[in-house]
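One-letter residues, chain by chain:
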Amino acid sequence: MKNVNDFVNTNFFGKQSGTLKDYIEEYNKINKNIEALKLKKKQYDDLINSNEKNDSSDLTFKEKYVIYTMIKNAILRDKEQTYFGIDLYSLKSKFEYLYNDLYEYLSVIGGINTLEERRRDIINEDITFNCFNSESYSEHCLESHSFVVEENELKCVYCGATTKDYPLSKEEFELLVLCAKQRGILLEEFKKEDWPLLQVIIEKQNYRRSLRPELDILAEDYLDKAEEQFYDDEYEFTELRISLVRAHMLDAQTYEGQKVKVKNPKYLSDDKKKELLENLEKELDEIQKTNSRFKPLLIEQCKTAKYEILILSGEHIPTLLKETINEDEKIALTKAYYNLSDSDFRVNSGYFDSSHRNNDAIFYDCYTANPEINSKILEMKLRRK
């Protein structure tokens with residue numbers, strides 16, 4: 001088994017300032033201290049938010065804090081930091097030390113900020129996934145890995161780097177998962193049955209990369225092209241996440257979430273659907289009458305087109321799969337889904353209104369996390385190779 005302390009960052013001289021266990025203990029201690037300080041802060045916040053009137057000549061804590069805040073805001077507005085010859089910065093400092101309760105409140109806030117910054121450092125700096133870089137390689141992972149959690153394993157979807165070879169305790173594993181989550185490199189929406197969908201998306205990403213021309217370092221536009229490729233590569237993880245979220249939404253027939261909305265789940269009207277299906281039926285009748293050697297292929301294309309129309313009409317893809325009666329129909333449905341999940345196909349399909357720069361076609365969402373359909377896509381791709 002490998003050493004769990006490989007996840008601890010090293011300094012300039014290659015030395016580690018602590019073990020993974022040390023950082024977990026520090027992290028937990030920080031959390032406890034932050035919670036204690038937040039309880040103290042809440043007591044003061046309640047005083048600030050209270051509407052209790054002050055009938056005495058002494059200042060209440062709320063009044064002290066309001067005056068202090070006014071001085072602080074005046075400093076931010078006034079570049080010279082003076083008012084009627086009074087140094088506002090000096091006045092602010094006097095106010096901080098004049099009242100014990102105000103001083104304690106400001107100290108509590110400062111303590112929380114300091115501890116939270118240290119906590120972020122542990123997550124973002126002291127713990128690292130660099131130990132994977134020497135053993136696993138993928139062009140997708142040059143900047144960072146892209147992880148999913150599967151049972152007790154943290155695994156990169158691109159290069160396969162995994163924590164399973166490390167004797168991690170439950171607490172150590174949970175901290176690594178938290179690190180990946182905080183750095184924005186964890187696909188939190190992932191479910192075990194999503195692997196085929198991820199593989200389909202990654203194959204598309206690999207294909208796009210294969211079409212890119214090799215960068216010429218001597219070319220005048222080298223920096224522009226390099227920057228363009230960098231942002232394309234950066235978007236790949238976002239593409240995985242958005243595709244997963246929208247696939248789950250469409251499968252659940254939920255079209256609007258907190259941060260994500262599915263566009264045009266039913267693009268074709270009922271009348272348009274009826275018209276297209278009727279035209280397709282006529283075309284299929286004509287094909288059936290011919291003796292062309294391409295007859296089986298033309299029939300298959302018609303079956304695929306039928307499912308394209310049904311999907312564009314808002315039909316639920318997993319339900320369509322359940323309703324298929326033979327393998328030919330499953331293949332036709334799979335091809336229809338794969339076609340509509342490709343923006344280039346949609347733009348050239350003739351199904352979409354092209355009067356607005358093909359926006360309807362480009363932004364149409366067609367996803368499913370159904371493992372059977374996505375596995376069939378992968379099988380068909382393997383057979384073509």
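See the structure above.
Residues numbered from 1 in each chain as written. Predicted model: local features only at pLDDT ≥ 70, side-chain atom pairs only at ≥ 80, totals over all residues. Heavy atoms only, no water.

1. Concerning the overall build of the protein chain
A count of helices and strands for the protein chain gives 14 helices and four strands. A compact globule built from 385 residues would reach a C-alpha radius of gyration of about 21 Å, whereas the protein chain, at 30 Å, exceeds it by more than 25%. Here the C-alpha coordinates of the protein chain stretch approximately 100 × 55 × 50 Å along the principal axes. For the protein chain, with 385 residues in total, the buried portion stands at 37%. (Helix = DSSP H or I, 4+ residues; strand = E, 2+ residues; numbered from the N terminus. Rg over C-alpha atoms; globule rule 2.2 N^0.38 Å. Buried < 20%, exposed > 50% of the residue type's maximum accessible area, 1.4 Å probe, protein only.)

2. Some thoughts on the packing of aromatic side chains
For any pair of aromatic rings, geometry is given as the distance between the ring centres together with the angle between the planes. Summed over the entire model, instances satisfying the criterion amount to 18 aromatic pairs. Between the aromatic rings of Tyr97 and Tyr103, the centroid separation amounts to 5.3 Å while the plane-to-plane angle is 35°, which identifies the pairing as tilted. You can call Tyr103 partly exposed: its relative accessible area is 40%. The interplanar angle of 75° and the centroid separation of 5.4 Å between the aromatic rings of Phe230 and Tyr231 together place this pair among those described as edge-to-face. Look at Phe230 and you get partly exposed, because its relative accessible area is 33%. (Phe/Tyr/Trp six-rings, centres within 6.5 Å; stacked < 30°, edge-to-face > 60°.)

3. Looking at helix 3 (residues 88-98)
Among the residues making up helix 3, those that are buried are Leu88, Lys92, Phe95 and Glu96. The buried side chains of helix 3 occupy one side of the element, clustering within an arc of 100° when seen end-on. Those residues of helix 3 that are exposed and aimed more than 90 degrees away from the buried face are Lys94, Tyr97 and Leu98. (Arc of directions from axis to C-beta.)

4. Observations concerning unusual backbone geometry
Residues other than glycine seldom take positive phi values, yet Glu151 does so here, at roughly 60°. Relative to the elements of secondary structure, Glu151 occurs in the loop between strand 3 (147-150) and strand 4 (153-156). The phi dihedral of Gln253 is positive, around 55°, even though this residue is not glycine. Summarising the element assignment, Gln253 is placed in the loop between helix 7 (222-251) and helix 8 (270-289).

5. So, helix 7
Note on helix geometry: an α-helix contains 3.6 residues per turn, so any two residues three or four positions apart are oriented the same way. With 30 residues, helix 7 ought to run about 44 Å at 1.5 Å a step, and its terminal C-alpha atoms sit 43 Å apart, in line with that. Maximum bend of helix 7: about 30°, positioned at Phe237. Phi turns positive one or two residues past the end of helix 7, at Gln253, with a value near 55°. (Expected span 1.5 Å × (residues − 1). Bend = angle between axes of the 7 residues up to and from the residue.)

6. Side note on a negative patch on the surface
Taken together, Glu214, Asp216, Glu220, Asp221, Asp224, Glu227, Glu228 and Asp232 make up a surface patch of like negative charges. Within the secondary structure, Asp221 sits in the loop between helix 6 (195-211) and helix 7. (Patch = residues over 30% accessible without salt bridge, like charges linked within 9 Å, V, L, I, M, F, W, Y side chains within 5 Å. Areas by Shrake-Rupley, 256 points an atom, 1.4 Å probe, with all protein chains shown as cover. Salt bridge = Lys/Arg side-chain N within 4 Å of Asp/Glu carboxyl O. Lys, Arg positive; Asp, Glu negative; His and termini not counted. Charge placed at Lys NZ, Arg CZ, Asp CG, Glu CD.)

7. Looking at the packing of helix 6 against helix 7
At a closest axis distance of 11 Å, the pairing of helix 6 and helix 7 adopts a crossing angle of 150°. On the basis of their axis angle, the class for helix 6 and helix 7 is roughly antiparallel. For the pair helix 6 and helix 7, the crossing hand works out as right-handed. Across the interface between the two elements, Leu197, Leu198, Ile201, Ile202, Gln205, Arg208 and Arg209 of helix 6 pack against Asp233, Glu236, Glu239, Leu240, Ser243, Leu244 and Ala247 of helix 7. Residues that form the contact of helix 6 with helix 7 fall into these classes: seven nonpolar, two polar and five charged. (Axes fitted to C-alpha atoms, helices over the stretch in contact; angles between N-to-C directions. Parallel < 35°, antiparallel > 145°, perpendicular 65-115°, else oblique. Left-handed = near helix turned anticlockwise from the far one by under 90°. Contact = heavy atoms within 4.5 Å. Nonpolar A, V, L, I, M, F, W, Y, C, P; charged D, E, K, R; others polar.)

8. A few points about the side chain of Thr162
With respect to the helices, strands and loops of the structure, Thr162 is situated in the loop between strand 4 and helix 5 (170-182). Given the relative accessible area of 8%, Thr162 is considered buried. Here Glu153 takes part through its side chain, which lies 2.5 Å from a polar atom of the side chain of Thr162. Not counting chain neighbours up to four residues away, the residues in contact with Thr162 comprise Phe132, Glu153, Leu154 and Lys155. (Polar contact = N/O pair within 3.5 Å; in protein donor to acceptor, adjacent residues only side chain to side chain.)

9. As for a nonpolar patch on the surface
A cluster of nonpolar side chains, Phe294, Leu297 and Leu298, forms an exposed patch at the surface whose accessible area comes to about 250 Å². Counting through the fold element by element, Leu298 comes out in helix 9 (residues 295-312).

10. Here we look at the pattern of salt bridges
Within this structure, the stated rule accounts for 25 salt bridges. As a salt-bridge pair, Lys92 and Glu96 come within 2.9 Å of each other at their nearest N and O atoms. Residue Lys92 and its partner Glu96 are both found in helix 3; the two are separated by four residues, about one turn of the helix. The buried category is assigned to Lys92, whose relative accessible area is 13%.

11. Side note on the nonpolar core
Core analysis: the largest hydrophobic core is formed by 78 residues, its most contacted members being Phe129, Phe147, Leu154, Val157, Leu187, Leu198 and Ile311. Counting residues per element, this core draws most heavily on helix 9, which supplies eight residues. Filtering out sequence-adjacent residues up to four positions away, Leu198 remains in contact with Val148, Val157, Leu187, Phe190, Leu240 and Leu244. Counting residues in each nonpolar core, the second largest holds 11 residues, with Ile48, Ala74, Phe95 and Leu102 among its members. (Core = buried A, V, L, I, M, F, W, Y, C linked by side-chain atoms within 4.5 Å.)

12. Some points on the environment of Tyr166
Position of Tyr166 among the secondary structure elements: in the loop between strand 4 and helix 5. In this structure, the C-alpha to C-alpha distance between Tyr166 and Lys2, residues 164 residues apart in sequence, is 5.0 Å.

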